[in-house]
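# Analysis of the macromolecular model
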Amino acid sequence: MKQDHRASWQTASPYLDTALDLPLEARAEWLRGIRAQTPALADQIERWLAACDALEHADFLEAAPPLAPAPASLAGLQLGAYRLIEPIGQGGMGSVWLAERTDGRFEGRVAVKLLNASLVGRSGGDRFAREGRILARLAHPQIAHLIDAGVSSVGQPYLVLEHIDGEPIDDYCDRLRLSVDERVRLFLDVLAPVAHAHANLVVHRDLKPSNVFVAADGRVKLLDFGIARLLDGPEAGDGVAALTRDSQTLLTPAYAAPEQVAKGVITTSTDVYALGVLCYVLLTGRHPAAASLDNPAALMHAIVEIDPSRMSERARPDDPPGAAAARAASRGTTPLRLRQQLAGDLDIIVATALKKLPVERYPSADALAADLRRYLAHEPITARGDALVYRAARFVRRNRTLVAVAAAALLAVVVGAAGTWLQSRNAAAERDFALRQLARAESVNEMNTFLLSDAAPLGGSFTAGALLARAEQLLDRHPAGSPDENQVESLISIGVQYRIQDEDDNARRVFTRAYELSLALPATSAATRGKAACALASGLARGDALPRAQQLVQAGLAAIPDGQPIALDRVFCERQAATVAREAGDSNADIAHVLAADRLLRASGMGSELAKLSMAMEIAEAYRNAGRNPEAATAFEAAFGQMSALGRERTEQAGTLLNNWGLTYLGRPRQAEQLFRRAVDIGSADGAGASVSPMLLTNLARELHELGRLPEAIALADRAAAEAARLGDAVVLQQGLLVRARVYRDAGDLDRVARLLDEFERTQRHRLPPGHIAFAAAEVERAILAQLRGNLPAAHAAIDRAVTIAEASSQSGSILARALLRRSDVRVAEGESA
């Protein structure tokens, strides 16, 4: 009987989790669907749901435990080498006491923070003391030094910190009536230690005025930095985890970021948000969510859903009589003048720090500081993008006299520069090379002009593929005689565009033609021949000619030596080599080639900002394909920061970046959903969602399924399948089959799951090699289906096949872990608990 009960729980537990996440009105209909497939399972789920409801109505665990009476006073208490003198602070984490050292090793006073025992993780006092010693090495002159940490003989955790004789930063600014610019300069002193801590992989998570003191000598001191890690951080050395821990131990609601309130991932962007709130308070005297501070529910809603008013709007004189004037006076100005000072760059800087999505904020405290310094120097800020008129205005404001002088001297400068250029090209070889490069650039420009302006049929609709085909026709009419570099370069450019459109067959055809023509080029065109070889290699790597692709890319790299004049050709070839390595499954070589291309591009001094952005995206993608997700996520975040600085955060390229970034958050569906939603929003800019790729919809459906939001997941998965079918995208159709199978499994439609798995088997057997990791994922789903239907022998056989495939694959990743966990479930259900 016990065996039957355990098997029943193993089978029904996932369904119970799903049911508890559903609204009451949707739960009944969902249960009817389960009953139609498996009546016994539905009965068991219904009994457990009734038990849960009974506990809820009985207020189970609602009553708070009785609190132990507090001692009358702790003055004189000895904690290690320190004796408490008097209390100097009280908060949700515990109390702070002034103390002195009594062992004679040094004289002086310290601050001892007595922590609530509930804040210390289950790993106990030994880890707490060890982490305290680690954080004591977080040395920065503006961070209050953590001297020691420990647990008393009665289990009382405590911290020993440097005692700061000062006052909170907001009180200090108001007392001295600091101006807006003076407050910005002081705030920069806050950002420096934050950036230092981030560089040491420590996130504060509780930045607020009471944790930012200004000492009597005007120096900023940050308190409690690193205590977040101390309370429930990872072990020493686990730096990535320190940046991404999902812990919510420390939380001051008024300064909490949306991801903290929503129990999302904590990163350096979490501190950037709190810094934005702090800057807002310092400059305006009001909190961004001032109207909601007294209502916890309203405050949570404001943090997560409502964009705060710009600072200049909040500074309007619409407060109770005298309030606006008093705040302006504490900043040495008037309400009207304060509004004018806050409007413009400061508004944009703080609003960027306060973005709801972490990916839209400044990527680091350093980036925020850099824009504030640009504001103070009247230079263009990155948060505004690259508007020419704005940048010109900033330049004129910085250089009023210089602009006037430069205007008068402009003609002479141009004439002199022209003469200098002519003199620097007196060598015949350099002249010929420069002319060839100029001709190549002009040829590619002419081709782009043709595609953008002349290739489209008059008055008719067209596709990118049709335009590229017409460009090919134009090159077919190239004058008779020997091919030249320009023709080869144009063909390579067309092939690259075909590949971007996922038209791999056309890309291979055009690359092949470019390579064959390049073989007839003179010896002076060796770099062009090498570039054509690398282009063809990248095209063949996606087919069935991988060995030839590897030979071609090596030949191409050998033909393009290191050197400034042809550095960009070498960059192109390194990137194609990365593609070949990726298709060959050599992730280390993939990363090495991409990083080599990035170094060459930066050293050449010839790369545009867009070229650098493209490289940043490739680096992130190389890390993701290698399964190095923490590094990939960091690289994607940096790339998105570059993209936003260029004003391209609403482009199709941005949507691709956000989608790929979301794929790095394995097992973190909330964070992945945020990024996928942002990408969908970009693709839906036309109002109809026509630009949203079915693969993106499939990815979002998978995360919604992980979050238990089945109706949304079903709708998106089916929409993705319909769109992929309309576009003839077999890859997305086939990859989406497993996602749909999982969604419909949890919806209780087991017959449909079986059909989807059969379809996956039928279609993928012709496309993928027998040992591909996708078949391991499919066998896991078959095992779950068989177990739900009570067929344990079939489940046993399917999960063994899954483990065998995954163990033999070099790309098993999370699939092997999932298969092993499912095999343990099947063994337990069979009675093999050991």
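Residues numbered from 1 in each chain as written. Predicted model: local features only at pLDDT ≥ 70, side-chain atom pairs only at ≥ 80, totals over all residues. Heavy atoms only, no water.

Next up on the list: the overall build of the protein. Scanning the protein for helices and strands turns up 37 helices and 9 strands. Looking at the protein residue by residue over its 834 residues, the buried ones come to 47%. Counting contacts in the protein only where the partners sit at least 6 residues apart, residues at least 24 apart contribute 60% of the total. When the accessible surface of the protein is summed, it comes to about 40500 Å², and 54% of that surface belongs to carbon and sulfur atoms. (Helix = DSSP H or I, 4+ residues; strand = E, 2+ residues; numbered from the N terminus. Buried < 20%, exposed > 50% of the residue type's maximum accessible area, 1.4 Å probe, protein only. Contact = heavy atoms within 4.5 Å. Areas by Shrake-Rupley, 256 points an atom, 1.4 Å probe, with all protein chains shown as cover.)

Here the focus is the state of the cysteines. By the definition in use, this model includes 1 disulfide. Sulfur-sulfur distance for the disulfide between Cys534 and Cys573 comes to 1.6 Å. One disulfide, between Cys534 and Cys573, carries an S-S torsion of 40 degrees and so falls in the right-handed class. Of this pair, Cys534 sits in helix α23 (residues 526-541) while Cys573 sits in helix α25 (residues 567-583); the two residues are 39 residues apart in sequence, bridging distant segments of the chain. Note on accessibility: Cys534 and Cys573 belong to one class, buried. (Disulfide = S-S within 2.5 Å.)

Moving on: the pattern of salt bridges. Under the criterion given, the structure shown has 41 salt bridges. Note that Glu673 and Arg677 form a salt bridge whose closest N and O atoms lie 3.2 Å from each other. Of this pair, Glu673 and Arg677 are both found in helix α30 (residues 669-683), 4 residues apart, which corresponds to roughly one turn of the helix. For Glu673, a relative accessible area of 12% corresponds to the buried category. The partly exposed category is assigned to Arg677, whose relative accessible area is 34%. In this structure, the salt-bridge partner of Glu781 is Arg818, at a minimum N-O distance of 2.9 Å. One end of the pair, Glu781, is in helix α35 (residues 773-788); the other, Arg818, is in helix α37 (residues 813-829), and 37 residues separate them in sequence. With relative accessibility at 29%, the residue Arg818 sits in the partly exposed group. The network of salt bridges with shared partners includes Arg742, Arg745, Asp746, Glu781 and Arg818. (Salt bridge = Lys/Arg side-chain N within 4 Å of Asp/Glu carboxyl O.)

Okay, α30 next. The end-to-end C-alpha separation of α30 is 21 Å, in line with the 21 Å expected for 15 residues at 1.5 Å each. α30 sits mainly inside the fold: 11 of its 15 residues count as buried. For α30, every residue scored as buried is listed here: Pro669, Gln671, Ala672, Glu673, Leu675, Phe676, Arg678, Ala679, Val680, Ile682 and Gly683. Buried residues in α30 make contact with α29 (652-662) and α31 (694-706). (Expected span 1.5 Å × (residues − 1).)

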